[in-house]
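The primary structure of each chain is shown beneath.
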Amino acid sequence: MTDTPLTHKQALAAVIQALGGTWDTQRAVLALRVAGYEPTSDEAAGKEARHNLRELAEDGLIVRSDPDQAVYRLA
């Protein structure tokens, strides 16, 4: 049996579910780096984190706690 690595989205979802709390771009970037994501730049890291946070919100795992800020919490 081979272990398939998690996608960035799956890794971020697992960390969010385990830790809870609020999630912004910086916290998501840190979680992705701990999960093994090695971005080419800080800009690329932020872009990937925001993309994954939006996708997790679309999936219903997290919701924006304030419509004027990109801060999320578990749904």
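Structure first, text after, so check above.
Per chain, residue numbering runs from 1 following the sequence as it is written. In keeping with the predicted nature of the model, local features appear solely for residues at pLDDT of at least 70, side-chain atom pairs appear and are counted solely at 80 or more, and the whole-chain, interface and lining totals rest on all residues. Derived side-chain values reflect all non-hydrogen atoms in the structure, with water molecules and hydrogen atoms excluded from consideration.

(A) Expanded view of the nonpolar core. Within this scheme, the nonpolar core is defined by two criteria: the residues are buried Ala, Val, Leu, Ile, Met, Phe, Trp, Tyr or Cys, and they are joined through side-chain atoms within 4.5 Å. Partly exposed describes any residue whose relative accessible area lies between the buried limit of under 20% and the exposed limit of over 50%, with all areas from a 1.4 Å probe on protein chains only and scaled to the type maximum. If you look at the biggest cluster of nonpolar residues, it comprises 15 residues, and the most contacted ones within it are Leu-12, Ile-16, Trp-23, Leu-53, Leu-56 and Ile-62. Elements supplying a minimum of two residues to this core: α1 (8-19), α2 (25-34) and α3 (42-58). Not counting chain neighbours up to four residues away, the residues in contact with Trp-23 comprise Leu-12, Val-15, Ile-16, Ala-28, Ala-31, Leu-53, Ala-70, Val-71 and Tyr-72. Strands here mean DSSP runs of E at least two residues long; helices mean DSSP runs of H or I at least four residues long; both are numbered from the N terminus. Between two residues, a contact is recorded if the distance between any of their heavy atoms is within 4.5 Å.

(B) Fine view of the sheet that holds strand β3 (residues 72-74). Two strands form a pair only when DSSP identifies at least two bridges running between them. On the basis of which strands lie adjacent, the open sheet formed by three strands has the order β1-β3-β2 and antiparallel pairing. The outermost strands of the open sheet, each flanked by one partner alone, are β1 (22-23) and β2 (62-64). Where β2 and β3 come together, three bridges link them in antiparallel fashion. Across the sheet, residue Ile-62 finds its bridge partner in β3, namely Leu-74.

(C) Examining the packing of α1 against α3 more closely. Fitting a line to C-alpha atoms yields each axis, with helices limited to the stretch in contact; the angle taken between N-to-C directions then spans 0 to 180 degrees. Two numbers describe how α1 lies on α3: the axes approach to 10 Å, and their chain directions differ by 70°. When the interaxial angle is binned, α1 and α3 end up roughly perpendicular. Both α1 and α3 take part in a crossing whose hand is right-handed. In contact with His-8, Lys-9, Leu-12, Ala-13 and Ile-16 of α1, α3 contributes Glu-48, Asn-52, Leu-53, Glu-55 and Leu-56. Ten residue types, Ala, Val, Leu, Ile, Met, Phe, Trp, Tyr, Cys and Pro, are classed as nonpolar, four, Asp, Glu, Lys and Arg, as charged, and the remainder, Gly among them, as polar. Taken together, the residues of the contact of α1 with α3 sort by class into five nonpolar, two polar and three charged. Angles below 35 degrees are treated as roughly parallel, those above 145 as roughly antiparallel, those between 65 and 115 as roughly perpendicular, and all remaining angles as oblique. Crossings are classed by handedness, with left-handed meaning an anticlockwise turn of the near helix from the far one by less than a right angle and right-handed meaning a clockwise turn.

Scope: geometric values only; no functional claims are made or implied.
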